[in-house]
Amino acid sequence: MAKKEHKFKESTIENYYDLKVDKIDELVAALKDETTKFDDEINYDINANTGVYDPKNVKSNGKEKQFDPYKIDKLSRVPTWLKACFVKWWFAGVVCYFIMWGLAISDGLDRVVLCGLVLGLIVDILVNPLFKYMESDRREYDNYMMFPFPFRAFWTFFTNLIYYVFVMYFVTLSYGGINELINLIFNTNQHVYVGVEPLLFGLLAVVVDMAFIGIKDLIVFIVKKSKKKEADANV
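Residues numbered from 1 in each chain as written. Predicted model: local features only at pLDDT ≥ 70, side-chain atom pairs only at ≥ 80, totals over all residues. Heavy atoms only, no water.

A. Region of interest: the packing of helix α5 (residues 108-134) against helix α6 (residues 155-186). Interhelical geometry of α5 versus α6 gives an angle of 130 degrees and a closest axis separation of 7 Å. What the angle tells us is that α5 and α6 run oblique. Taken as a pair, α5 and α6 cross one another with a handedness that is right-handed. Contact with α5, carried on its side by V112, V113, C115, G116, L117, L119, G120, L121, V123, D124 and N128, involves T156, F157, N160, L161, Y164, V165, M168, Y169 and T172 of α6 and no other residues of that element. By residue class, the composition of the contact of α5 with α6 is 13 nonpolar, six polar and one charged. (Axes fitted to C-alpha atoms, helices over the stretch in contact; angles between N-to-C directions. Helix = DSSP H or I, 4+ residues; strand = E, 2+ residues; numbered from the N terminus. Parallel < 35°, antiparallel > 145°, perpendicular 65-115°, else oblique. Left-handed = near helix turned anticlockwise from the far one by under 90°. Contact = heavy atoms within 4.5 Å. Nonpolar A, V, L, I, M, F, W, Y, C, P; charged D, E, K, R; others polar.)

What follows is the structure in structure tokens.
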């Protein structure tokens, strides 16, 4: 049985988005008319709008606080890179505190794998969604995620787990490099070892993570640039 084709009248489609010019003219005329007065003035007093008196809404001089629709949130004044690095550093420190210190795994490989898997899990279900929530339409937090894809892309869950195991491996190598550098500079007879603790661990995790993300962003930039050149050449 053949399917019925639904046809729309062209006149209906054309008139659907008709601009109501007469209404715009009326609005412009009302705005230009200086004699037009509004009965009710907008009240920005917090207590008056909420209907509940709160001493916190009164300034020290006795005046009530006003609503400010253009007030900038204090958190939005913090640079994006600082917020992103702080979140990454804090969660990496949490992993060090609860996994490395809490479980006290003796085997180095097991410690690296477990910490990497836990950190990858946290990044996938907490950090990246938090970045997506805080970002604007400019997607400024994409530069701080290895896989800045939508949440529907479930394959990023497994790639984050594998990726952060490698991050933990290079963090371990970083500790070894720091220890060797200290012993080389001070030329001590006894080897000095920097202990693993959340603050330095989180810092090294952020440095290694952002180094890999920077390499990824550079590769993406080069590929996009080459594709653009090919497209411009074919035009």
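Let's pick the thread back up.
B. Summary view of the pattern of salt bridges. Evaluation of the coordinates by the stated rule reveals five salt bridges. The salt bridge involving K132 is made with E135; its shortest N-O contact spans 3.8 Å. We note that K132, like E135, is buried. For K132, the salt bridge identified is with D142, shortest N-O distance 3.5 Å. On the criterion of sequence distance, the pair formed by K132 in helix α5 and D142 in the loop between α5 and α6 is long-range, its members being ten residues apart. (Salt bridge = Lys/Arg side-chain N within 4 Å of Asp/Glu carboxyl O. Buried < 20%, exposed > 50% of the residue type's maximum accessible area, 1.4 Å probe, protein only.)

C. Spatial organisation of the side chain of E140. As for its position among the elements, E140 is in the loop between α5 and α6. For the buried E140, no salt bridge is present, and the opposite-charge side chain at shortest range is R138, 4.4 Å distant. Of the polar contacts made by the side chain of E140, one reaches the side chain of S136; its length is 2.9 Å. If sequence neighbours within four positions are ignored, E140 has contacts with T80, M134 and E135. (Lys, Arg positive; Asp, Glu negative; His and termini not counted. Polar contact = N/O pair within 3.5 Å; in protein donor to acceptor, adjacent residues only side chain to side chain.)

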